[in-house]
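# Overview (structure and organization)
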Amino acid sequence: IKKMAECPAIFCENPDKDFTRDRLLTFETTMRNVICMGIGSLKDELLKLYSHSPETPTTSAFVQARDKIRVEAFKVLFERFNDRTRKDKLYKGYRLLAIDGSELPIYSHRYDDDTTLLRKSRTNKPYSAFHITASYDLLECTYEDMIIQGEAKMDENDAFCQIVDRYKGKKSIYIADRRFESYNGFEHVVKSGNKYLIRVKDIESKTSITRSLGPYPEGEFDIDVFRMLTLKNTKMIQACPQLYKTIMTNMRFDFMSKENPWHEFNCRIVRFKITDDTYECIITNLDRDEFSADEIKDLYNKRWGIETSFRELKYAIGLNALHSHKRKLIKQEIYARVILYNFCQRIIQEIKIPEKSKRKYKYQINFTRSFHILREFLKKKGGNNPPVENLIA
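The sections below set out a description of the structure shown in this document.

### Observations concerning the side chain of Glu280
- Within the fold, Glu280 resides in strand E10 (residues 279-284).
- Judged by its relative accessible area of 15%, Glu280 is buried.
- One polar contact links Glu280 to Arg199, side chain to side chain, over a distance of 2.8 Å.
- With residues near it in sequence (within four places) discarded, Glu280 still touches Arg199, Val270, Arg271, Phe272 and Ile274.

Given below as structure tokens:
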């Protein structure tokens, strides 16, 4: 933040005017305050941030200061903080990046448009929401990237492709649930030089992407599949479904055109039993010699880490307690909460709890309590800070 504050004009809506005068709410303090806000009302949070000083800025002054800062400032801070603190923990030479999405209800307001305003299916009552599609490092327990869309027009597969295309880090395995099954998404990962492991609907489902990639053996299996994807739908192609797969015009696929209507598709499909009469299907491009079917199952189970992270982000960190109606300021808070989450996890993951032989159970760190301790640490404006690592342990 200090580095960004050296040239705030880059991150302001009006570079020639914003934060040019000497005021209590500078670019740096405004950024810090947005990140450190808790779940109370805006006035209560400002009083806490300024230790109930008579010089506490008014809510109006704070909102006006926030409004001067572009959303991109928080996005840049999120990316730079990750670059400076990433450990690059690997599993067999790969980072494990889970992809998932979550709805974030927001205030219904005059700022609504056709991207955020929806109606509940049963009551037809209108409500507003953003949709966050994120990639989450399962080994470091931190968010790697994020796309924010209006819930009414959200497209998780497009967001997935964007996240994959702009990733520049070490080799990764993208792990996702069945909402992300699409040939386009699979091939975006392949073209990026990375791997994917995505749960898909079972082969018996009429809407499954794997239904047309058979025939399959009965029960559990682990097989390789090849299809020539094409935009054509001739009689010859229809007569050879075991070789060709027609991509319909309403399906997005970025790697074919009228001039080049053919694309080779190779994948591995793993099917395993979860109850006596139900199965799960995983589609992947992981090599069988390097990853067994049992490892595929274990890797998919690790995906649950992103589900628990959304819960911690919304309730422990306070993403559900927004302090604005304006859509731009809400996006600021989304990035601010994710930055704070990553900051807390970077520290928590390095803390070792002392082992004691007389303990019956193994202790683990309380994330919610740790978050409160670390947020107080961030609020300190000078003097000696408490030994937060020892306090958390």
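### Describing the side chain of Thr230
- Tracing the backbone through its elements, the reader meets Thr230 in strand E7 (residues 221-230).
- For Thr230, a relative accessible area of 0% puts it in the buried group.
- Separated by 3.0 Å, the side chain of Thr230 and the backbone nitrogen of Lys232 make a polar contact.
- In this structure Thr230 touches Ile237, Lys245, Thr246, Ile247, Met256, Pro261 and Trp262, once residues within four positions along its chain are discounted.

### As for the environment of Val225
- Mapped onto the fold, Val225 is located in strand E7.
- Sequence spacing of Val225 and Asn184 is 41 residues, and the spatial spacing of their C-alpha atoms is 16 Å.
- Contacts of Val225, omitting those with residues within four sequence positions, involve Leu213, Phe265, Asn266, Cys267 and Ile269.

### Some thoughts on the packing of helix H3 (residues 42-49) against helix H4 (residues 59-67)
- Contact geometry for H3 and H4: axes closest at 10 Å, N-to-C directions at 90°. As judged from the angle between their axes, H3 and H4 are roughly perpendicular. Side by side, H3 and H4 meet where Leu42, Lys43 and Leu46 of the first sit next to Thr59, Phe62 and Val63 of the second.
- Class assignment for the residues of the contact of H3 with H4 results in 4 nonpolar, 1 polar and 1 charged.

### A look at the environment of Thr26
- Tracing the backbone through its elements, the reader meets Thr26 in the loop between helix H1 (2-5) and helix H2 (27-36).
- A relative accessible area of 31% means that Thr26 is categorised as partly exposed.
- For Thr26 and Gly219, which are 193 residues apart along the polypeptide, the C-alpha to C-alpha distance reads 64 Å.

### What to know about the nonpolar core
- Counting 75 residues, the largest nonpolar core has Tyr143, Ile173, Leu197 and Ile334 as its most contacted members.
- When residues of this core are assigned to their parent elements, the largest contribution, 12 residues, is made by helix H11 (residues 327-348).
- Among all residues touching Ile173, those that are not within four sequence positions of it are Tyr94, Arg95, Leu96, Leu97, Lys195, Leu197, Leu286, Phe291 and Leu299.
- Ile99, Ala159, Phe221 and Ile247 belong to the second-largest nonpolar core, a separate cluster that totals 32 residues.

### Some points on unusual backbone geometry
- Of note, the bond from Gly214 into Pro215 is cis; its omega dihedral lies within 30 degrees of zero at 10°.
- Inspection of the secondary structure puts Pro215 in the loop between strand E6 (195-200) and E7.
- Despite not being glycine, Ser51 shows a phi value in the positive range, around 50°.
- As for its position among the elements, Ser51 is in the loop between H3 and H4.
- Ser51 sits in the exposed class, given a relative accessible area of 63%.

### Some remarks on the pattern of salt bridges
- Per the counting criterion, the structure on display carries 36 salt bridges.
- Asp158 is the salt-bridge partner of Arg252, the closest N and O atoms lying 2.5 Å from each other. Note that Arg252 is positioned in the loop between strand E8 (244-246) and strand E9 (262-273) and Asp158 in helix H6 (residues 156-165), a separation of 94 residues in sequence.
- Shared partners join several salt bridges into a network, and the residues in it are Asp100, Glu156, Asp177, Arg179, Arg199, Glu280, Arg303 and Glu307.

### Description of the packing of H2 against H4
- Two numbers describe how H2 lies on H4: the axes approach to 10 Å, and their chain directions differ by 105°. The angle between the axes of H2 and H4 places the two elements in the roughly perpendicular class. The residues of H4 that touch H2, namely those facing Thr30, Asn33 and Val34, are Phe62, Ala65 and Arg66.

### Topic: the pairing of strand E4 (residues 142-150)
- The buried fraction of E4 is high, at 9 of 9 residues.
- Here 8 bridges tie strand E3 (residues 126-137) to E4, and the two strands are oriented antiparallel to one another. In the sheet register, Phe130 faces E4, and the bridge partner there is Gly150.
- Connecting E3 to the antiparallel partner E4 that follows it, the hairpin turn spans 4 residues, and Cys141 within it adopts a positive phi of roughly 60°.

### Digging into the packing of aromatic side chains
- Summed over the entire model, instances satisfying the criterion amount to 21 aromatic pairs.
- Look at Phe78 and Tyr335: their rings are 6.1 Å apart centre to centre, the planes differ by 55°, and that puts the pair in the tilted class. In this pair, Phe78 is assigned in helix H5 (residues 71-85) and Tyr335 in helix H11, connecting sequence segments 257 residues apart. Of the two residues, Phe78 and Tyr335, both sit in the buried class.
- Ring centres of Phe253 and Phe255 lie 5.6 Å apart, and the angle between their planes is 75°; on these two criteria the pair is classed as edge-to-face.
- Judged by relative accessible area, which is 10%, Phe253 ranks as buried.
- By way of ring pairs, the aromatic residues Tyr136, Tyr143, Phe310, Tyr341 and Phe367 are connected into one cluster.
- Positioned above the aromatic ring of Tyr94 is the side chain of Lys171, whose terminal nitrogen or guanidinium carbon lies 4.7 Å from the ring centre.

Reading the values: rules and limits
Residues numbered from 1 in each chain as written. Predicted model: local features only at pLDDT ≥ 70, side-chain atom pairs only at ≥ 80, totals over all residues. Heavy atoms only, no water. Helix = DSSP H or I, 4+ residues; strand = E, 2+ residues; numbered from the N terminus. Buried < 20%, exposed > 50% of the residue type's maximum accessible area, 1.4 Å probe, protein only. Polar contact = N/O pair within 3.5 Å; in protein donor to acceptor, adjacent residues only side chain to side chain. Contact = heavy atoms within 4.5 Å. Axes fitted to C-alpha atoms, helices over the stretch in contact; angles between N-to-C directions. Parallel < 35°, antiparallel > 145°, perpendicular 65-115°, else oblique. Nonpolar A, V, L, I, M, F, W, Y, C, P; charged D, E, K, R; others polar. Core = buried A, V, L, I, M, F, W, Y, C linked by side-chain atoms within 4.5 Å. Salt bridge = Lys/Arg side-chain N within 4 Å of Asp/Glu carboxyl O. Pairing = 2+ DSSP bridges. Phe/Tyr/Trp six-rings, centres within 6.5 Å; stacked < 30°, edge-to-face > 60°. Lys NZ or Arg CZ within 6 Å of the ring centre and 35° of its normal.

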